[in-house]
Amino acid sequence: STEDDNWVLRDLSFNVVKGQKVAIVGRTGSGKSTIIKLLTRLYEPQSGSILINGVNINEYKQSALREMVAVIHQDSYIFAGDLDANISLGRNGSKLQMGLAAPFMEAAPNLNKDTVLSERGGNISSGEEQVLNFARAVVTDPPILVLDEATAKIDLKTEKQIQVAMKQFLKNKTAIIIAHRLETIRNCDLILCLDSGSIVESGTHQELLLKNGVYRRLIEASEI
C-alpha cells in the first residue's frame, strides 16, 4: 500500500530451504495470496526484497523466473483443442517433460490422447480441469512449485490420487503450499501461520497444536 498504516504485509520475513515443503495458512484476507503474487512478480514489493538462491528476483528475466517457479492456481482456462496442446500451452516442446504429467493424469481417467476439449472446458468437470492445471505445471520440471489453493475444486478421492503423484514429484524440490484442507498441510516441514499480513506462529503441525494458539483456533473453527 502507499499508506504507511495500510500495508497488506508488514514485517514479513521467512526462509525456505531448498527441498522444504512449506505451508502458509491464515484466514481469508491475511495476505497469503499476496505473497504468491509478489513471488511471481505479479506485484512488485514497495519495501523489502525476495531472494531466490541469494539473488533478488528482480534480477531474473521473467522467462527465467517462470522456469524456476511454477504456480498451480485453483482457476484454470481450457482452450479448444487436444489434450497435449492444453498441457503444453504452446511452450517449447523440447523443453517439456510430458511424461511427468502421466501420474497426475491418472486422476482423470476419462481424459486421454483422443480427448478433444471445448473452449472453457465445457465438456469436462472442474476437477478434470484442475488435474490439467497440475499437468501444465509439472511438465516444466520446476525446482520450485507453488500450490495456491490448488485442490479447492477437486473431490477428496481425486485429491488423494493427486497427493500420491505430487509426493513423488516433489522429491528434492521446494514447495510452497496455500491450502485450507488440513490433510494437504499437516505433513509439511514448516507451517507459517499468517494473521493481518504478519507471521504470528511457525512450526510443524504438532508443534503448532501444542502452542494452542492461532493455528489451533483455525483448525477448531474449521478454517483449515
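Before any of the text, the structure's been laid out above.
Residues numbered from 1 in each chain as written. Predicted model: local features only at pLDDT ≥ 70, side-chain atom pairs only at ≥ 80, totals over all residues. Heavy atoms only, no water.

**Side note on the packing of helix 5 (residues 126–138) against helix 6 (residues 156–169)**
Thought 1: Where helix 5 meets helix 6, the axes come as close as 12 Å, and the angle between the chain directions of the two elements is 10°. Between helix 5 and helix 6, the angle is such that the two are roughly parallel. Contact with helix 5, carried on its side by Val131, Phe134 and Val138, involves Thr158, Ile162, Met166 and Phe169 of helix 6 and no other residues of that element.
Thought 2: Here the contact of helix 5 with helix 6 is built from residues that sort into 6 nonpolar, 1 polar and no charged. (Axes fitted to C-alpha atoms, helices over the stretch in contact; angles between N-to-C directions. Helix = DSSP H or I, 4+ residues; strand = E, 2+ residues; numbered from the N terminus. Parallel < 35°, antiparallel > 145°, perpendicular 65-115°, else oblique. Contact = heavy atoms within 4.5 Å. Nonpolar A, V, L, I, M, F, W, Y, C, P; charged D, E, K, R; others polar.)

**Some points on the pattern of salt bridges**
Thought 1: Tallying each qualifying case throughout the model produces 9 salt bridges.
Thought 2: The partner of Asp141 in a salt bridge is Lys173, and the shortest N-O contact between them spans 2.7 Å. With Asp141 in the loop between helix 5 and strand 7 (144–148) and Lys173 in the loop between helix 6 and strand 8 (174–178), this pair connects stretches of sequence that are 32 residues apart.
Thought 3: Among the ionic pairs, Glu220 bridges to Arg216, the shortest N-O distance being 3.3 Å. Linking Glu220 with Arg216, this pair stays in helix 9 (residues 214–220), spanning 4 residues, or about one helical turn. (Salt bridge = Lys/Arg side-chain N within 4 Å of Asp/Glu carboxyl O.)

**Some points on helix 6**
Thought 1: Given a rise of 1.5 Å per residue, 14 residues ought to cover 20 Å, and the 20 Å separating the end C-alpha atoms of helix 6 matches this to within 8%.
Thought 2: By the burial criterion, the buried members of helix 6 are Thr158, Glu159, Ile162, Ala165, Met166 and Phe169. The arc that holds the buried residues of helix 6, viewed along the axis, is 125°, so those residues lie on one side. In helix 6, the exposed residues that point more than 90 degrees away from the buried face are Leu156, Lys157, Lys160, Val164, Lys167 and Gln168.
Thought 3: Contacts from the buried residues of helix 6 go to strand 4 (69–72), helix 4 (102–105), helix 5, strand 7 and helix 7 (182–185).
Thought 4: Measuring from the backbone nitrogen of Lys157 back to the side-chain oxygen at the start of helix 6 gives 3.1 Å, which picks out Asp155 as the cap. (Expected span 1.5 Å × (residues − 1). Buried < 20%, exposed > 50% of the residue type's maximum accessible area, 1.4 Å probe, protein only. Arc of directions from axis to C-beta. Polar contact = N/O pair within 3.5 Å; in protein donor to acceptor, adjacent residues only side chain to side chain.)

**Structural notes on unusual backbone geometry**
Thought 1: The phi dihedral of Glu149 is positive, around 50°, even though this residue is not glycine.
Thought 2: Considering the arrangement of structural elements, one finds Glu149 in the loop between strand 7 and helix 6.
Thought 3: Look at Asn212: it is not a glycine, yet its phi comes out positive at around 55°.
Thought 4: With respect to the element layout, Asn212 can be found in the loop between helix 8 (205–211) and helix 9.
Thought 5: Note on Asn212: relative accessible area 53%, which makes it exposed.

**Comments concerning the pairing of strand 1 (residues 21–25)**
Thought 1: Among the 5 residues that make up strand 1, 5 are buried, leaving the element largely enclosed by the rest of the structure.
Thought 2: Every second residue of strand 1 is oriented toward a common face, with Lys21, Ala23 and Val25 on one face and Val22 and Ile24 on the other, all of them buried.
Thought 3: Direction of pairing for strand 1 relative to strand 8: parallel, over a ladder of 4 bridges. Counted as the bridge partner of Lys21 is Ala175 from strand 8.
Thought 4: Bridge analysis of strand 1 against strand 9 (residues 190–195) gives 4 bridges, and the strand direction is parallel. When the bridges of strand 9 are listed, Val25 appears paired with Cys193. (Pairing = 2+ DSSP bridges.)

**Some points on the packing of aromatic side chains**
Thought 1: Under the definition given, this model contains 3 aromatic pairs.
Thought 2: With a centroid separation of 6.1 Å and 15° between ring planes, the pair formed by Phe104 and Phe134 is classed as stacked. Of this pair, Phe104 sits in helix 4 while Phe134 sits in helix 5; the two residues are 30 residues apart in sequence, bridging distant segments of the chain.
Thought 3: Classification of Phe104 by relative accessible area gives buried; the value is 1%.
Thought 4: Plain terms: the ring middles of Phe104 and Phe169 are 6.2 Å apart, the flat faces sit at 80° to each other, and that makes the pair edge-to-face. Here Phe104, found in helix 4, pairs with Phe169, found in helix 6; they are 65 residues apart in sequence, far enough to count as distant. (Phe/Tyr/Trp six-rings, centres within 6.5 Å; stacked < 30°, edge-to-face > 60°.)

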